[in-house]
Amino acid sequence: MPTIIKNPMVFDETYIPPQLHVRDKEAEFLLKRYMMKLSTNTSSSDITLIYGSIGRVGIGKTTLAKYVGNKLKEFAYTRGINFAVAYVNLYTVPSILEILTVLASQVAPKLSVRGSSPLEALKAIVDTLYRRDLYLLVILDEFQQLIKSPRVDEEQLYILLRIHEQVPSPDNTSRINYLLVAQDFTVLSYLKEKLPQVESQIGLRLHLKPYTTEELYTILEQRAQQGLYPGVWDPDLLWTIAEFYGVDGNGRPEGSARKAIIALRIAAETAEAMGEHRITEEHVRFALSQDAVANINEAQLRSLQKHELLLLLAVAMLSRDKKSYATTGEVREKYEYLARIYGENPRGHTQFNLYMRKLDAIGLIEAKPSGKGMRGRTTLLRLAPEIPAQHLVELLEKILMS
Ligand SMILES: Nc1ncnc2c1ncn2[C@@H]1O[C@H](COP(=O)(O)OP(=O)(O)OP(=O)(O)O)[C@@H](O)[C@H]1O
Ligand SMILES: [Mg+2]
């Protein structure tokens, strides 16, 4: 019988609270803007950009965007407006057609854009929106990845973001609006350089700053109320965590809500595991000392493909067990074994190497040549050293099972 944690879902990385108590003004502002778009038909799309502060993660960019999407759905529903949200995480730099596939799936379950050109796919989407009188909000998260990537076809990206011009709807009403989410303002210079017409079309730019102690307290209090049993937590403990991470505090002033929430979760889980009936200072101290755990971004992991996750799991397990580098051969063997366990056909060498290079490029694993002393030359792999291996293994197993 759990005595501390009432609802573990509340502490999930992807959980979006039903109300925002912090960033509520920003949310309100965005909502008004899009509600207007839904109520009055216009011929051009709205593009809004949410961007963070350099080097700051976990400050609510994704949450704000998704929350606005959720609230708009509620609003549209009460007004009898057909409305859908398509959320795409661009972290792994999908192709334009991959992005369009996600949009198509939100527009109509049976709408398939496989084998189409991007322009044909867009036409099919615009056409279906028109026929169903459906409005679509497209959230493009980690947008900087796409615009900064040399692999991306700017022409296609242009067509996607200027869809109302390229593929006008028969009634000349634009039913697609965009909410771009980016790490920091540098995305704007890339946009200006690569897609100046899109940059100038951005109607609103919202800059999010790291959270203060007070803001973090408010966020933590909401989670505690929703996720913990009453009487097991004490406001003082929440203040300890908030002060530790608040940008104006003196612990790790990163202003990250993600880290603060993870610390609360770990403190609660520790109390639970020890069979105690209250969270104490000791549990919080332990949680804060586990900070490294917070470096894992679950949303990013979820945006990886299944075989990339399997390969990462193989590396994580080997790093955990060997405590040093593994050879590509060892990783490959483990990966093939895991693939079969999860009911997948292991991919061939070429594909395997591509996954490996991608995970290296993202910074989740580290690859280095074996150098002298080993038979033949191979690449050695390990998990990036700041990632706690056991925690990642558990997280990956959870994602692969879901
Ligand atoms: N204003 C808020 N109210 C409640 N919870 C919040 C708020 N801001 C952030 N959080 C929570 O903090 C965690 C991190 O937030 P989020 O993922 O939105 O950050 P981010 O800025 O997108 O991070 P990243 O740069 O890594 O993408 C999530 O669990 C989220 O629910
Ligand atoms: Mg995010």
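Residues numbered from 1 in each chain as written. Chains lettered and ligands numbered in written order. Predicted model: local features only at pLDDT ≥ 70, side-chain atom pairs only at ≥ 80, totals over all residues.

## Here we look at the environment of leucine 161
Rules: Helix and strand definitions here come from DSSP, where helices need a minimum of 4 consecutive H or I residues and strands a minimum of 2 consecutive E residues; each element is numbered from the N-terminal end. Here a residue counts as buried when 20 or more other C-beta atoms sit within 10 Å of its C-beta, as exposed when there are 12 or fewer, and as partly exposed otherwise, the C-beta atoms being derived from the backbone.
Considering the arrangement of structural elements, one finds leucine 161 in helix H6 (residues 154-161). For leucine 161, a count of 24 C-beta atoms within 10 Å corresponds to the buried category. Spatially, the C-alpha atom of leucine 161 lies 18 Å from that of valine 113, the residues being 48 residues apart in sequence.

## Observations concerning the sheet that holds strand E8 (residues 379-383)
Selection criterion: Two strands are counted as paired when DSSP detects at least two bridges linking them. Contact between residues is assigned whenever the C-beta positions, reconstructed from backbone atoms, fall within 7 Å. To get an axis, a line is fitted to the C-alpha atoms, and for a helix only the part in contact is used. The angle between two axes follows their N-to-C directions and goes from 0 to 180 degrees.
Spatially, E6-E8-E7 is the arrangement adopted by the 3 strands of the open sheet, whose pairing is antiparallel. At either margin of the open sheet sits one strand with a lone partner, and together these are strand E6 (326-327) and strand E7 (365-369). Here 5 bridges tie E7 to E8, and the two strands are oriented antiparallel to one another. Within E8, the residue paired with lysine 368 across the bridge is leucine 380. Relative to the sheet, helix H15 (residues 306-322) contacts E6, E7 and E8, its axis offset from that of E8 by approximately 85 degrees.

## Remarks on the site of ligand 1
Test applied: We count a residue as near a molecule or strand when its backbone-placed C-beta atom lies within 6 Å of that partner. The classification used treats Ala, Val, Leu, Ile, Met, Phe, Trp, Tyr, Cys and Pro as nonpolar, Asp, Glu, Lys and Arg as charged, and all other residues, Gly among them, as polar. Residue ranges for the domains originate in an automatic or database domain assignment.
Every one of the 19 residues lining ligand 1 counts as a neighbour, but Gly60, Lys61, Thr62, Thr63 and Ala257 are closest to it. At the level of elements, helix H2 (61-79) and helix H12 (257-273) are the ones that each hand at least two residues to the shell around ligand 1. Taken together, the residues of the shell around ligand 1 break down into 9 nonpolar, 6 polar and 4 charged. Split by domain, the shell around ligand 1 shows at least three residues from each of two domains, domain 1 (24-207) and domain 2 (211-295).

## Digging into helix H18 (residues 389-401)
Applied cut-off: Multiply 1.5 Å by the residue count of a helix minus one, and that product is the helix's expected span. Note that the arc is defined by the directions from the helix axis to the C-beta atoms.
Across its 13 residues, H18 extends 18 Å between first and last C-alpha, which sits within 8% of the 18 Å expected from 1.5 Å per residue. Among all positions of H18, only Leu392, Leu395 and Leu396 are buried. Axial view of H18: buried residues confined to an arc of 100 degrees, hence all on one face. The outward face of H18, more than 90 degrees from its buried face, is lined by the exposed residues Gln390, Glu394, Lys398 and Met401. Where the residues of H18 are buried, they touch helix H14 (298-302), H15 and E8.

## Looking at unusual backbone geometry
With glycine set apart, most residues show a phi of negative sign, and most peptide bonds adopt trans. Unlike most non-glycine residues, arginine 23 shows phi in positive territory, near 70 degrees. Mapped onto the elements of the fold, arginine 23 is located in the segment before helix H1 (24-39). For arginine 23, a count of 23 C-beta atoms within 10 Å puts it in the buried group.

## Details of the domain arrangement of the chain
The domain architecture assigned to the chain consists of domain 1 (24-207), domain 2 (211-295) and domain 3 (304-401). Using C-alpha coordinates to define each centre, domain 1 is positioned 34 Å away from domain 2. Contacts between the two partners involve 5 residues from domain 1, matched on the other side by 7 residues from domain 2. Here the residues of the side of domain 1 that touches domain 2 sort into 2 nonpolar, 2 polar and 1 charged.

## Quick word on the packing of H15 against H18
What counts, and what does not: We call two directions roughly parallel when the angle between them is under 35 degrees, roughly antiparallel when it is over 145, roughly perpendicular when it lies between 65 and 115, and oblique otherwise. The sense of a crossing depends on the near helix, which, turned anticlockwise from the far helix by less than a right angle, makes the crossing left-handed and, turned clockwise, makes it right-handed.
For the pair H15 and H18, interaxial distance at closest approach is 9 Å and the crossing angle is 150 degrees. With respect to each other, H15 and H18 are oriented roughly antiparallel. For H15 against H18, the interelement crossing comes out left-handed. Of the residues in H18, those in contact with Leu309, Leu312, Leu313, Ala316, Met317, Ser319 and Arg320 of H15 are Ala389, Gln390, Leu392, Val393, Leu396, Ile399 and Leu400. Looking at the contact of H15 with H18 residue by residue, the classes come out as 11 nonpolar, 2 polar and 1 charged.

## Some remarks on the nonpolar core
This is how it is decided: Only buried residues count toward a nonpolar core: Ala, Val, Leu, Ile, Met, Phe, Trp, Tyr and Cys, linked into one set through C-beta atoms within 7 Å.
Core analysis: the largest hydrophobic core is formed by 82 residues, its most contacted members being Leu136, Leu220, Ile241 and Ala260. Ranked by the residues each element gives to this core, the list is headed by H12, at 10 residues. Each of domain 1 (24-207) and domain 2 (211-295) gives at least three residues to this core. With near-sequence residues (within four places) excluded, alanine 260 lies in contact with Leu216, Ile219, Leu220, Ile241, Ala242 and Tyr245. Counting 25 residues, the second-largest nonpolar core is a separate cluster that includes Met317, Leu338, Ile365 and Leu381.

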